[in-house]
Every structure is written in C-alpha cells, then in structure tokens.
Amino acid sequence: MINTKDVIRMKVPYPSISDTLAVKSHMYICKGEDGSDYEFVKCQTLKPYMLMRSIMCHYVDEAADLTRNPFERETRIDCDKLFSSTGVRYDDGLKTTRRPDICQALYDRIIAELEADGYNEIEINEDELLAINSLITKV
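The text that follows walks through the structure, step by step, so that each part is easy to find. Here the structure is a predicted model, which is why all the values come from computation and not from measurement.

Reading guide: rules and limits
Residues numbered from 1 in each chain as written. Predicted model: local features only at pLDDT ≥ 70, side-chain atom pairs only at ≥ 80, totals over all residues. Heavy atoms only, no water. Helix = DSSP H or I, 4+ residues; strand = E, 2+ residues; numbered from the N terminus. Buried < 20%, exposed > 50% of the residue type's maximum accessible area, 1.4 Å probe, protein only. Lys, Arg positive; Asp, Glu negative; His and termini not counted. Salt bridge = Lys/Arg side-chain N within 4 Å of Asp/Glu carboxyl O. Polar contact = N/O pair within 3.5 Å; in protein donor to acceptor, adjacent residues only side chain to side chain. Contact = heavy atoms within 4.5 Å.

A separate point is the side chain of Glu 126. Inspection of the secondary structure assignment puts Glu 126 in helix H4 (residues 126–132). With no salt bridge to any partner, buried Glu 126 finds its closest opposite charge in Lys 138, at an N-O distance of 6.4 Å. Within the structure, the side chain of Glu 126 is placed 2.7 Å from the backbone nitrogen of Thr 86, a separation counted as a polar contact. In contact with Glu 126, not counting residues within four places along its chain, are Ser 84, Ser 85, Thr 86 and Val 88.

We now examine unusual backbone geometry. At the junction of Tyr 14 and Pro 15, the peptide bond is cis and its omega measures out at -5 degrees in the coordinates. Looking at where Pro 15 falls in the secondary structure, it is placed in the loop between strand S1 (7–10) and helix H1 (20–23). Phi at Lys 5 takes a positive value of approximately 85 degrees, unusual for a residue other than glycine. Structurally, the position occupied by Lys 5 is in the segment before S1.

In structure tokens form, the structure reads like this:
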C-alpha cells in the first residue's frame, strides 16, 4: 500500500499517453491518499536549463540525502501541478528502493510550496495509466 510521503516510480499519461512522462518512469511523491484516491507531485533531476530559465513558479530543490529522500541526484520537485487518480491501487513494487519515502521536513516544505499560490490539479486518465504501468490495477 502506498502512503503519504512514499516515493514511487511510474509512467503518467500527461499531457498524453505518447508524451515523455508516459514513455519513461519518473519519481512521484504521494501528497495524500484516501482509500483509492491518490495525489502525487512529480520529481525530476535538476538540470542546468532549469537554473537559467524558470519553467516552474513553485518548486522545491532537494539534494540527494538518504536521511531525507531516495534521490540519487539533486532533484526538483514540481509544486505547480498535483496529479490525482481515483479507483486504482498502486503496488508496493513501485516504491523506490534506496528509501521508500521522504522525511517529514521535506514533506512540510512541499505542502507549503503547494499552498503558496495554489496549483493545477491534473486528473490522470486511469485507463491510460493502467495501460502503461503493470503494477497499477483497478480497484
């Protein structure tokens, strides 16, 4: 079972099933869960172009640190978008292996950044999500 603060690797059909997020797995932090309703924020390796031009308004940059997170490189957590799903089950096999979750202090920073000016909630197409992730099943 995936819980709040857990970090999973999955493919997300956004903006469509053929885009980058759907073709390659990325890390997502579970912001919250309620039964089979989940909310996630996306993580990605911090790249030089992200420092030169701001493509996100709200984000948290986090260094790799096993006492805080499972990241292997400096990571940018996108707090402009919140991905939500309903009626699916995320298998424990999706959890990151170095560490399955983030620390409370990092979670609190993410929540503060999400709440700063709001965010775009993106409802994931569950049928497409299931089609590209074998460890996600319908409830």
